[in-house]
Amino acid sequence: MPYRPSTPVLASGLRFSCPEEYERMLRAAHERVHAGAPPPAITAAVWESWQRSLAAGIDPDRHLPRHLHEVADVVALRRGHPLETVMPALRELLADESTDGQHLLVLADARGEVLWRVGSRSAMRQADGLEFVEGADWSEAGVGTNAISEVVLSGRAAQLFSAEHLVRTHHEWACTASPIRDPDSGVVIGVLNVSGPLNTVTTDSMRMVKCGVRLAEELLRAARREPARGAGAVAAGRSLMISSVLSLELLGESPSVLGADGSRMPLSLRRAEILALLESRERGWSADELAYAVHGETGSAAAIRIEMHRIRRVLGDALESAPYRLAPSLRGSSDSARVLRLVRGGQVAAALAAYTAPLLARSTSRAIEPLRAELTSAVGASVRASGNAELLRLWCGTEMGSDDRAAVPVLGQLVGFADAAYLASLARLSRIDLELGG
């Protein structure tokens, strides 16, 4: 009879609350297999997979996966595979190619053969040691019990931790995988897997992988809704990309991307905020940094990666990754950057004329407010220092300069304290004080 745990199986939460204890218990259970006793600390599904793997000749101590294709030949396998069109989006969402990245993003076909893998050099080297490479067979018959093999067999998401893997060299890893299904037929067409050292798995790992699956399936579905794009489309949604991005329009209430051909692509406020932050820092941002800047403590790097994928659909190669930053061709191209450039160049009148509205006027983001204040302060200081009464009149009459308390006295000194423009500005400051309860 198939093994059924006679004692309660460890709560899955233990792997996150007490991972060291959970790992010890799993390793002890693994040793019991070789002693011929059923282990009490694993699920029936894992136990049965171990038994099938052992019966198929998988050696827990020395086994490496069989290889169905050479790595060089896998490139040809990718061409025309349905998942080829969604891999860029999954890479954007789930991969960590930074210098200290630890986990590996793997995309396998429906049989468990690895077709794509993405990660840092360090993660790739660790995977090489396990022959977790393109063309390797990570089905149960190919390498024994693992998350990919569980998905291939069951058609359901799976997460394996440490010694739940049958092969001992996999005990230092945690793997989370989920099937990707054809949006029309529901047939499994691939397996999305994220693997890494034990400390990389969290309570959010499964949620993140399933989020990636939903994104992949939605992109496949969207591509089929728009057949005019053709099978040769590089990626679902790529037709939204502006052929050549000229600049960003971030001043005012309607942010957009301007194409070299005069086309204009509206931006959501959130994406405009991200682009404003990217432009503010030449060295770029990590997903975690952007998540905190945009959303605070509740920010999610995963949500940022999804937004970056959508932004890339518009900007294309003008958006760089690892870290996220604007490519040199787009950096400093926005209307707000032009204002700052004019101020720094001493072109005060031109800067004032170009500063037509506040930076992302509708944004209440804590990260945008300092950028908005910096821009207003720079323009205001340059206008005050110019000693030009006409420029001061214009500045005090704008939305951005209407509450410049330092500018109004300077204007009065230049034009006289009976001047209409000075008196109007003074009255405006009094009204603001009243509104603020001053």
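See the structure above.
Worth saying up front: this structure is predicted, and the values here are computed from it rather than measured.

What counts and how
- Residues numbered from 1 in each chain as written.
- Predicted model: local features only at pLDDT ≥ 70, side-chain atom pairs only at ≥ 80, totals over all residues.
- Heavy atoms only, no water.
- Helix = DSSP H or I, 4+ residues; strand = E, 2+ residues; numbered from the N terminus.
- Buried < 20%, exposed > 50% of the residue type's maximum accessible area, 1.4 Å probe, protein only.
- Contact = heavy atoms within 4.5 Å.
- Areas by Shrake-Rupley, 256 points an atom, 1.4 Å probe, with all protein chains shown as cover.
- Pairing = 2+ DSSP bridges.
- Axes fitted to C-alpha atoms, helices over the stretch in contact; angles between N-to-C directions.
- Salt bridge = Lys/Arg side-chain N within 4 Å of Asp/Glu carboxyl O.

Secondary structure assignment for the chain yields 18 helices and 10 strands. Looking at the chain as a whole, 50% of its 438 residues qualify as buried. Of the contacts made within the chain by residues no fewer than 6 positions apart, 59% connect residues no fewer than 24 positions apart. As displayed, the chain offers around 20300 Å² of accessible surface, 53% of which is attributable to carbon and sulfur atoms.

A few words now on the sheet that holds strand β8 (residues 264-266). Within the open sheet, the 3 strands sit side by side as β6-β7-β8. Their pairing is antiparallel. At either end of the open sheet lies a strand with only one pairing partner, and these are β6 (245-249) and β8. For this sheet, the mean angle separating the axes of adjacent strands, direction not counted, is 20 degrees. Alignment of β6 against strand β7 (residues 256-259), held across 4 bridges, turns out to be antiparallel.

For the bond from Ala322 to Pro323, the omega torsion is 0 degrees, close enough to zero to count as cis. Checked against the element boundaries, Pro323 lands in the loop between β9 (319-320) and β10 (325-326). In this structure, Ala322 takes a positive phi of about 50 degrees despite not being glycine. When you line up the elements, Ala322 lands in the loop between β9 and β10. A residue is classified by how much of its surface remains accessible, and Ala322, at 53% relative accessible area, is exposed.

Glancing now at the pattern of salt bridges. What the rule picks out here adds up to 21 salt bridges. Linking Glu390 and Arg393 is a salt bridge whose minimum nitrogen-to-oxygen distance equals 3.6 Å. Linking Glu390 with Arg393, this pair stays in helix α16 (residues 389-396), spanning 3 residues, or about one helical turn. Using a relative accessible area of 43% as the deciding quantity, one classes Glu390 as partly exposed. Each of Arg78, Arg117, Asp128 and Glu134 takes part in salt bridges that share partners, so that together they form one network.

To continue, consider the environment of Glu279. Its place among the elements puts Glu279 in helix α10 (residues 269-280). Each C-alpha atom of the pair Glu279 and Leu330 lies 8.8 Å from the other, and the pair is 51 residues apart in sequence. Each residue touching Glu279, except ones within four places of it in the same chain, is listed here: Leu250, Leu326, Leu330, Arg331, Gly332, Ser333, Ser334, Ser336 and Ala337.

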